[in-house]
Amino acid sequence: MQLGDEMTKRFLVFQHMPWEGPGDHLICAAKKHGILLCVVEVWHEPIPDLSSYDGLIVLGGEPNIDQEQKYPFLKAEKAAIRYSIELGKPYLGFCLGHQLLADALGAKVGPNDRMSVGFIPGEITEKGRIHPLFRDVSDSFPLFKWHSQAVQLPLPKHVEILATSTECQVEAISVHENPHLVGLQFDNHAATITNVREWIKS
């Protein structure tokens, strides 16, 4: 499935659940910046060759990253993410996508100290203030959360925390000297009334 008109760039999007596709904010941002979102439903569709795409976006979903037996598609997805990083492709991960990026970068993922669901305040870190993604974002901003797993501390030295909150220490990450690799524990791409209503019903 492709979302958008004829655009100049094509980003592959990994979707894990039928109800958790690209949110309204993500679709709007893609159109604004001339990006075609090419969605692959990884639980039943093969992952295409990443070399023909300009970047990779990985959405959230029910699986934990270590549940390959229950969700066999995770093995191929992890390999594709590592390959995307090797190719130098831009990467944006939300929730599970954030955790999969952290895993590929050598960080550990495990249970958060609490279930984090709903809108909570997040804080930009010192590293986040100079990152291109958060440069024009206020120091405190709302996060739309829906997770029980989280990236664990300590992080590998090359991984930087861009945002944090009282409910999760690692809300956003990037890589030193590779700012095009970004993981977001929050799902702000779907933080519209319509999307939140759909998520609650599901």
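Details of the structure are given in the entry above.
Below you will find a few notes about this structure. (Residues numbered from 1 in each chain as written. Predicted model: local features only at pLDDT ≥ 70, side-chain atom pairs only at ≥ 80, totals over all residues. Heavy atoms only, no water.)

### Quick look at the overall build of the chain
Where we set the bar: Counting from the N terminus, the helices are the DSSP runs of H or I reaching at least four residues and the strands are the DSSP runs of E reaching at least two. Taken over C-alpha atoms, the radius of gyration is set against a globule rule of 2.2 Å times the number of residues to the power 0.38. Only heavy atoms enter the contact rule, under which two residues are in contact if any of them lie within 4.5 Å. For the area figures, the Shrake-Rupley method with a 1.4 Å probe applies, and any residue is considered shielded solely by the protein chains shown. Here the positive residues are Lys and Arg and the negative ones are Asp and Glu; neither His nor the chain ends is included. Lys charges are placed at NZ, Arg charges at CZ, Asp charges at CG and Glu charges at CD.
The number of helices and strands found in the chain is five helices and 10 strands. The C-alpha atoms of the chain give a radius of gyration of 16 Å, which matches the 17 Å a tight globule of 202 residues would have. Along the first, second and third principal axes, the C-alpha atoms of the chain reach 40 × 40 × 35 Å. The contacts in the chain between residues at least 6 apart in sequence include a share of 72% that link residues at least 24 apart. By element, 53% of the accessible surface of the chain is carried by carbon and sulfur atoms, the whole surface being about 10100 Å². Side-chain charges of the chain comprise 18 positive and 25 negative groups, with the mean position of each set lying 2 Å from the other.

### Comments concerning the state of the cysteines
We apply this condition: Any two cysteine sulfur atoms within 2.5 Å of one another count as a disulfide. Partly exposed residues are those whose accessible area sits between 20% and 50% of the maximum for their type, while under 20% is buried and over 50% is exposed, using a 1.4 Å probe and protein chains only.
Evaluated as defined, the whole model comprises zero disulfides. The thiol sulfur of C28 is not disulfide-bonded, and the nearest other cysteine sulfur, from C38, lies at 18 Å. Take C28: its relative accessible area is 52%, and that puts it in the exposed class. Residue C38 is classed as buried on the basis of its relative accessible area of 4%.

### With respect to helix α5 (residues 193-201)
Test applied: As used here, the arc is the angular range of directions from the helix axis to the C-beta atoms.
Turning to α5, its buried residues are N195, V196 and W199. Down the axis of α5, the sector holding all buried residues measures 95°, keeping them to one side. Seen from the buried face of α5, the exposed residues on the opposite side, beyond 90 degrees, are I193, I200 and K201.

### So, helix α3 (residues 96-104)
Think of an α-helix as turning once every 3.6 residues; residues three or four places apart then point the same way. Judged by how many residues are buried, α3 sits mostly within the fold: seven of nine residues are covered. Those residues of α3 lying buried are L96, G97, H98, Q99, L100, L101 and A102.

### Looking at unusual backbone geometry
Along the chain, L153 connects to P154 via a cis peptide bond; the corresponding omega equals 0°. Topologically, P154 is positioned in the loop between β7 (140-151) and β8 (159-164). The backbone phi angle of E177 is positive, close to 70°, even though this residue is not glycine. Relative to the helices and strands, E177 resides in the loop between β9 (172-175) and β10 (178-184).

Any functional reading would require information beyond the geometric quantities listed.
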